[in-house]
Amino acid sequence: MGPAFDILATNAIADALLSPFKGETSTPRILFTHPRDRNVFRDLKLVTSATVYALHLMRPVQRRPRDQRPGPGTAGGVR
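Below: a short report on this structure. Quick caveat: nothing in here was measured; it's all calculated off a predicted structure. (Residues numbered from 1 in each chain as written. Predicted model: local features only at pLDDT ≥ 70, side-chain atom pairs only at ≥ 80, totals over all residues. Heavy atoms only, no water.)

Quick look at the overall build of the chain now. Regarding its fold elements, the chain presents 4 helices and 0 strands. Counting from the amino terminus, the chain carries its helices and strands in the arrangement α-α-α-α. Buried positions account for 19% of the 79 residues belonging to the chain. The contacts in the chain between residues at least 6 apart in sequence include a share of 17% that link residues at least 24 apart. Summing over all exposed atoms, the chain offers an accessible surface of approximately 6,100 Å²; the carbon and sulfur share of this is 57%. (Helix = DSSP H or I, 4+ residues; strand = E, 2+ residues; numbered from the N terminus. Buried < 20%, exposed > 50% of the residue type's maximum accessible area, 1.4 Å probe, protein only. Contact = heavy atoms within 4.5 Å. Areas by Shrake-Rupley, 256 points an atom, 1.4 Å probe, with all protein chains shown as cover.)

Now for the nonpolar core. Leu-18, Phe-21, Ile-30, Leu-31, Phe-41 and Leu-44 form the largest nonpolar core, which has 6 residues in total. With residues near it in sequence (within four places) discarded, Leu-31 still touches Asp-37, Phe-41, Leu-44, Val-47, Thr-48 and Thr-51. (Core = buried A, V, L, I, M, F, W, Y, C linked by side-chain atoms within 4.5 Å.)

On to unusual backbone geometry, then. For Lys-22, which is not glycine, the phi dihedral falls at a positive 45 degrees. For Lys-22, the position within the fold is in the loop between α1 (12-18) and α2 (27-33). A residue is classified by how much of its surface remains accessible, and Lys-22, at 75% relative accessible area, is exposed.

Structure (structure tokens):
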């Protein structure tokens, strides 16, 4: 999945929220594989749906990491 969804730093609130996951730094891994995810995330369906959507958006960037510059006639940069 790459580092795009890794937790890089935390504060006291994030430490408390993430404490059941014992040092896991990948949010998709937490959401889709950890047995305590339902205890932590109130609206798990919303959070997992948003994560899947974001993963789909990242897929073209991960396939062609060098092709991130805007080209002629493109608005977003990834063709």
